[in-house]
Amino acid sequence: MSWIPTCSDVARSVSDGSYDEGPGGRRVMLRLHMAVCWFCRRYAAQVRWIDRAAKAVWGAPAPGDEAVKRRLIARLRS
Amino acid sequence: MGDQDRLRDLKARRPGSVEALVEEFASPLLAAARSWGLSEPDAEEAVQDTLTDFLVAIDRFEGRSTLKTFLFGVMFHKCSERRRKNKREQATEDMEAAFAGRFGSLGVWNSLPRGPEEEAVNGELKSWLEECARGLSDEQRAAFQLKAVEGVDTEDACKIIGVSATNLGVLLFRARNKFRECLEKKWKNR
């Protein structure tokens, strides 16, 4: 019998990054579950939001970075 | 500018090469240090130490990893050393039990997962994220920062943190679910 993922399996694969990896058959089954399970789609949307929000908070240069860079250059050159 | 060109310029002590190194890597390294819980002064000091160590040893750098991987690896260890005194030991079973509690015996959700996924990131949500990040271990924060924020590939992220690909997945699973659980609580209580 081929593997039939549960909500717990799908949620784990979304959060540990394996949703898009592994054997093709596994990926198809995960996607089939996602297509019919609104709860899992909601969870996946939350995980994507967390990643996007973290990128917005920690992925962009902070306002004070230019001053830090100038200090770093001055110290590294000395 | 590619790594090879940058290394050639730095080894030749070409004018502007140090400035170019700082321009490219300082902001991502600072962001990583902040996300790993360092204060502003400590983050700046950690980045300075990282770049200094790299420049001192530049002639011995063989380029077996990318510059980004190497620098983030050094940064991660420096940040871990700085946090070691205040490191909180997190019970790794907490997240597994909390996650398992979301599902019934057939692996189906007990209730709809709730959270702020339709909100734009404003000041309140930013402070929630920062508060929630304090609940992560050093390795969980590093895995999340490298994969979710910096987009570092799995092989490089594993080298930086010093874990296997399987362990990296476990770290990401725990990091993302700790964030989700924490944000859901704050969302419900606001």
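Just so you know, these numbers come straight off a predicted model, no measurement behind them. Going along each chain's sequence as written, the residues are numbered from 1 onward. Think of it this way: whatever chain is written first is A, whatever ligand is written first is 1, and the rest follow in order. Two thresholds apply to this predicted model, a pLDDT of at least 70 for residue-level local features and 80 or more for giving and counting side-chain atom pairs, whereas whole-chain, interface and lining totals are computed over all residues. Only heavy atoms go into the side-chain values, all of them from the structure, while hydrogens and water stay out.

### Some points on the overall build of chain B
Next up, step 1: Helices and strands together make up the secondary structure of chain B, namely nine helices and zero strands.
Next up, step 2: Counting from the amino terminus, chain B carries its helices and strands in the arrangement α-α-α-α-α-α-α-α-α.
Next up, step 3: The principal-axis extents of the C-alpha atoms in chain B amount to approximately 65 × 35 × 35 Å.
Next up, step 4: Evaluated residue by residue, chain B yields a buried proportion of 49% over its 190 residues.
Next up, step 5: When contacts within chain B are restricted to residue pairs at least 6 apart in sequence, long-range pairs at least 24 apart make up 70% of them.
Next up, step 6: Carbon and sulfur atoms make up 48% of the accessible area of chain B, which amounts to about 9200 Å² in all.
Next up, step 7: Counted as positive: Lys and Arg. Counted as negative: Asp and Glu, with His and the chain ends omitted from the count. Charge coordinates come from a single atom per side chain, which is NZ of Lys, CZ of Arg, CG of Asp or CD of Glu. Positive and negative side-chain charges of chain B, numbering 31 and 33 respectively, have mean locations separated by a distance of 3 Å. Segments assigned H or I by DSSP are reported as helices when at least four residues long, segments assigned E as strands when at least two residues long, and all are numbered from the N terminus. Think of it in three bands: residues with accessible area under 20% of the maximum for their type are buried, residues over 50% are exposed, and the middle band is partly exposed, with areas taken using a 1.4 Å probe on protein chains only. Note on contacts: a residue pair is in contact if any heavy atoms of the two residues lie within 4.5 Å. Only the protein chains shown count as cover for residues, and the accessible areas themselves come from Shrake-Rupley with a 1.4 Å probe.

### With respect to helix α8 (residues 154-161) of chain B
Next up, step 1: Considered for burial, the residues of α8 of chain B that qualify are D156, A157, C158, I160 and I161 of chain B.
Next up, step 2: Counted as a polar contact is a pair of N or O atoms within 3.5 Å, where, for protein atoms, one must be capable of donating a hydrogen and the other of accepting one, and residues adjacent in sequence contribute only when both atoms are in side chains. Where α8 of chain B begins, the capping side chain belongs to D153 of chain B, and its oxygen is found 3.2 Å from the backbone nitrogen of E155 of chain B.

### Details of the packing of helix α6 (residues 123-133) of chain B against helix α9 (residues 165-189) of chain B
All names here are of chain B.
Next up, step 1: Contact geometry for α6 and α9: axes closest at 9 Å, N-to-C directions at 130°. Taken as axis vectors, α6 and α9 run oblique relative to one another. Here α6 and α9 pass one another in a crossing that is right-handed. Residues W128, L129, E131, C132 and A133 of α6 touch α9, and the partners they reach there are F179, C182, L183, K186 and W187. Only C-alpha atoms enter the line fits that serve as axes; for helices the fit covers just the stretch in contact. Angles between N-to-C directions range over 0 to 180 degrees. Working definition: roughly parallel below 35 degrees, roughly antiparallel above 145 degrees, roughly perpendicular at 65 to 115 degrees, and oblique for all remaining angles. In a left-handed crossing the near helix is turned counterclockwise from the far helix by less than a right angle, and in a right-handed crossing that turn is clockwise.

### Here we look at the domain arrangement of chain B
Residues and elements named next belong to chain B.
Next up, step 1: Here the bounds of each domain stem from an automatic or database domain assignment. Here the domain parsing of chain B yields domain 1 (3-86) and domain 2 (92-189).
Next up, step 2: Once you take the C-alpha centre of each, domain 1 and domain 2 turn out to be 26 Å apart.
Next up, step 3: On the side of domain 2, 13 residues touch domain 1, which itself brings 16 residues to the contact.
Next up, step 4: Here the quantity called buried area is the total loss of accessible area, with a 1.4 Å probe, experienced by two parts when brought into contact, counted for both. With both sides pooled, the region where domain 1 packs onto domain 2 buries about 1200 Å², and carbon together with sulfur makes up 55% of that total.
Next up, step 5: When the area that domain 1 buries against domain 2 is broken down by residue, the three leading residues are W36, T69 and F76, summing to 40%.
Next up, step 6: One speaks of a salt bridge when a side-chain nitrogen belonging to Lys or Arg is within 4 Å of a carboxyl oxygen belonging to Asp or Glu. Between K68 and E150 there is a salt bridge, with the nearest N and O atoms lying 3.5 Å from each other.
Next up, step 7: Elements represented by at least two residues in the side of domain 1 that touches domain 2 include exactly α2 (17-35) and α4 (67-83).
Next up, step 8: Top element by residues in the side of domain 1 that touches domain 2 is α4. It accounts for eight residues.

### Some remarks on unusual backbone geometry
Next up, step 1: With a phi angle near 55°, R13 of chain B is a residue other than glycine that sits in the positive phi range.
Next up, step 2: Looking at where R13 of chain B falls in the secondary structure, it is placed in the loop between α1 (3-11) and α2.

### Things to note about the side chain of H33 of chain A
Next up, step 1: Relative to the helices and strands, H33 of chain A is located in helix α2 (residues 24-36).
Next up, step 2: Beyond its immediate stretch of four places on either side in the chain, H33 of chain A contacts P5, T6, C7, V10 and C40 of chain A.

### Regarding the packing of α2 of chain B against α4 of chain B
All names here are of chain B.
Next up, step 1: At a minimum axis distance of 11 Å, the contact between α2 and α4 shows a crossing angle of 40°. As judged from the angle between their axes, α2 and α4 are oblique. Where α2 crosses over α4, the handedness of that crossing is right-handed. Mapping the contact onto sequence places L21, F25, P28, L29, A32 and A33 in α2 and L67, K68, L71, F72, M75 and C79 in α4.
Next up, step 2: Basically, the charged four are Asp, Glu, Lys and Arg, the nonpolar ten are Ala, Val, Leu, Ile, Met, Phe, Trp, Tyr, Cys and Pro, and anything else, Gly included, counts as polar. Residues that form the contact of α2 with α4 fall into these classes: 11 nonpolar, no polar and one charged.

### A word on the state of the cysteines
Residue and element names in this part refer to chain A.
Next up, step 1: We call a pair of cysteine sulfur atoms a disulfide whenever their separation is within 2.5 Å. What the rule picks out here adds up to one disulfide over all chains.
Next up, step 2: Cysteine C40 remains unbridged, with the sulfur of C37 as its closest cysteine sulfur at 3.7 Å.
Next up, step 3: Its relative accessible area of 1% is what places C40 among the buried residues.

### Some thoughts on the interface of chain A and chain B
Next up, step 1: Taken together, the contacts link 40 residues of chain A with 50 residues of chain B.
Next up, step 2: When the two sides are added together, the surface that chain A and chain B hide from each other amounts to roughly 4100 Å², 66% of it contributed by carbon and sulfur.
Next up, step 3: Taken as a group, W49, W58 and L76 of chain A account for 21% of the area that chain A buries against chain B, more than any other trio of residues on that side.
Next up, step 4: Run the count over chain A and chain B and you get seven salt bridges.
Next up, step 5: Here R77 of chain A and E19 of chain B are joined by a salt bridge, their closest N and O atoms 3.1 Å apart.
Next up, step 6: Scanning the region where chain A abuts chain B turns up 16 residue pairs in polar contact (both at pLDDT 80 or more).
Next up, step 7: Residue contributions to the side of chain A that touches chain B peak at 17 residues, all from helix α3 (residues 38-58) of chain A.
Next up, step 8: Classifying every residue of the side of chain A that touches chain B by side-chain character gives 21 nonpolar, six polar and 13 charged.

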